[in-house]
Amino acid sequence: MVKPFAAVLYVLVIVGAWGAYQAVADVPRYLLASPTEVGSQLLDLAQTGTLWTHLVYTVRNIGVGFAIGAVIGAALGVAVSRSQVVDAMLSPFLIVFQAMPKIALAPMFVLWFGLGLTSQFVLIVSLSFFPILVGTATGLRQVNPGYRDLATIVGLNPVARLFRIDIRAASPSIFAAARVAAVDAMTGAVLAEWISSSQGLGYLLVEANSSYQVPMLMASIVVIVAVGLALYQLVSFVEARALRWRDPVTA
């Protein structure tokens, strides 16, 4: 009960400070909308169905892109952790690719893959796979060697050892990376929609910005932040359920 109460209190403080600043500083409404205006705009978008259309589109893309990125990142993480040769071959290229600003690569993705979903998924995957890769490789490298000795004693083959022991032991590191990757996937989805889409929350931002609808712009930002927080909490929830075996109280 403490955490939900603290979260609600935190939101109320932010909204209160926002509204007080907007009123006291007398900020023009074309620069900063009031919380009431943003709330009214959110209600209007929800009632007309506009919000749900764009929200479903973005969440779907995040889910698919994150899933693909997680699979690729986990597979590369296993390969990098198991082979020094693979690590030496892939790491420099992966680090260089990750260091490139994706907002600069996004137009290239559009040029290479077109204006459709493909370029959007490529951008989402490119942002989400790297944290999973690092978390998987780091977690697997830190597995207690005693577990591997035990696997050898009981006769587990390398594949069985990977799935029954190594990944299980590395799961805290993997889930920590997944929380970061989920938020990165959302960033990629919004950026992709900003550049090459006619749907989604990113497109809603573009539409509001181009028509100078500040309440809609800020309402879109509020929804995007809420989606990011929800994704982070969803991964945390799955982690808590999946790692219950680590809690001596519930074991």
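Let us look at the structure shown here. None of the values given here were measured: they were computed from a predicted structure.

**Structural notes on the overall build of the chain**
Stage number 1. Counting secondary structure elements, the chain contains ten helices and zero strands.
Stage number 2. Seen in sequence order, the chain has helices and strands lined up from the N terminus as α-α-α-α-α-α-α-α-α-α.
Stage number 3. Dimensions of the chain, computed from C-alpha atoms along their principal axes, come out at roughly 70 × 50 × 30 Å.
Stage number 4. Relative to its 251 residues, the chain shows a buried fraction of 37%.
Stage number 5. Roughly 14,400 Å² of accessible area belongs to the chain as shown, and the carbon and sulfur atoms make up 71% of that amount.
Stage number 6. Mean positive and mean negative side-chain charge positions of the chain (14 and 11 charges, respectively) differ by 14 Å.

**Notes on the packing of aromatic side chains**
Stage number 1. For the structure shown, the criterion picks out three aromatic pairs.
Stage number 2. Look at F109 and W112: their rings are 6.2 Å apart centre to centre, the planes differ by 55°, and that puts the pair in the tilted class. Here F109 pairs with W112, and both are found in helix 5 (residues 102-113), just three residues apart, close to one helical turn.
Stage number 3. The exposure class of F109 is buried, given its relative accessible area of 6%.
Stage number 4. By relative accessible area, W112 is classed as exposed at 54%.
Stage number 5. What links up through ring pairs into an aromatic cluster is the set F109, W112 and F113.

**Description of the side chain of S220**
Stage number 1. Counting through the fold element by element, S220 comes out in helix 10 (residues 214-242).
Stage number 2. A polar atom in the side chain of S220 sits 2.8 Å from the backbone oxygen of M216.
Stage number 3. Setting aside chain neighbours within four positions, we find S220 in contact with L204 and L205.

**Description of the layout of surface pockets**
Stage number 1. Considered as a void within the structure, the largest pocket measures approximately 470 Å³ in volume.
Stage number 2. Along the walls of the largest pocket sit 17 residues, with V11, I14, V222, V225 and L229 positioned nearest its centre.
Stage number 3. Counting residues per element, the lining of the largest pocket draws most heavily on helix 10, which supplies seven residues.

**What about the pattern of salt bridges?**
Stage number 1. For the structure shown, the criterion picks out three salt bridges.
Stage number 2. R82 is paired through a salt bridge with D166; the nearest N and O atoms lie 2.3 Å apart. Here R82 is found in helix 3 (residues 50-82), whereas its partner D166 is found in helix 8 (residues 158-196), with 84 residues between them in sequence.
Stage number 3. By relative accessible area, which is 0% here, D166 ends up buried.

**Section: the packing of helix 5 against helix 6 (residues 117-141)**
Stage number 1. Remark: helix 5 packs on helix 6, axes separated minimally by 9 Å, with the N-to-C direction vectors making an angle of 145°. Crossing handedness for the pair helix 5 and helix 6: right-handed. Contact with helix 5, carried on its side by K102, A106, F109, V110 and F113, involves T118, S119, V122, L123, S126 and L127 of helix 6 and no other residues of that element.
Stage number 2. Taken together, the residues that form the contact of helix 5 with helix 6 break down as seven nonpolar, three polar and one charged.

**Focus on helix 2 (residues 35-48)**
Stage number 1. With 14 residues, helix 2 should cover 20 Å at 1.5 Å per step; its first-to-last C-alpha distance of 20 Å lies within 8% of that length.
Stage number 2. The complete set of buried residues in helix 2 reads V38, Q41 and L45. Summarising the axial view, the buried residues of helix 2 lie within an arc of 60°, below the 170-degree limit, and thus occupy one face. When the buried face of helix 2 is taken as reference, the exposed residues oriented beyond 90 degrees from it are T36 and Q47.
Stage number 3. Positive phi shows up at G49, right after helix 2, with a value of about 90°.

What counts and how
- Residues numbered from 1 in each chain as written.
- Predicted model: local features only at pLDDT ≥ 70, side-chain atom pairs only at ≥ 80, totals over all residues.
- Heavy atoms only, no water.
- Helix = DSSP H or I, 4+ residues; strand = E, 2+ residues; numbered from the N terminus.
- Buried < 20%, exposed > 50% of the residue type's maximum accessible area, 1.4 Å probe, protein only.
- Areas by Shrake-Rupley, 256 points an atom, 1.4 Å probe, with all protein chains shown as cover.
- Lys, Arg positive; Asp, Glu negative; His and termini not counted.
- Charge placed at Lys NZ, Arg CZ, Asp CG, Glu CD.
- Phe/Tyr/Trp six-rings, centres within 6.5 Å; stacked < 30°, edge-to-face > 60°.
- Polar contact = N/O pair within 3.5 Å; in protein donor to acceptor, adjacent residues only side chain to side chain.
- Contact = heavy atoms within 4.5 Å.
- 1 Å grid on protein atoms, 1.4 Å probe; cavity = no way out; pocket = protein on both sides within 12 Å on 5 of 7 lines; lining within 4 Å.
- Points joined across faces, edges and corners; volume = space filled by probe spheres on them.
- Salt bridge = Lys/Arg side-chain N within 4 Å of Asp/Glu carboxyl O.
- Axes fitted to C-alpha atoms, helices over the stretch in contact; angles between N-to-C directions.
- Left-handed = near helix turned anticlockwise from the far one by under 90°.
- Nonpolar A, V, L, I, M, F, W, Y, C, P; charged D, E, K, R; others polar.
- Expected span 1.5 Å × (residues − 1).
- Arc of directions from axis to C-beta.

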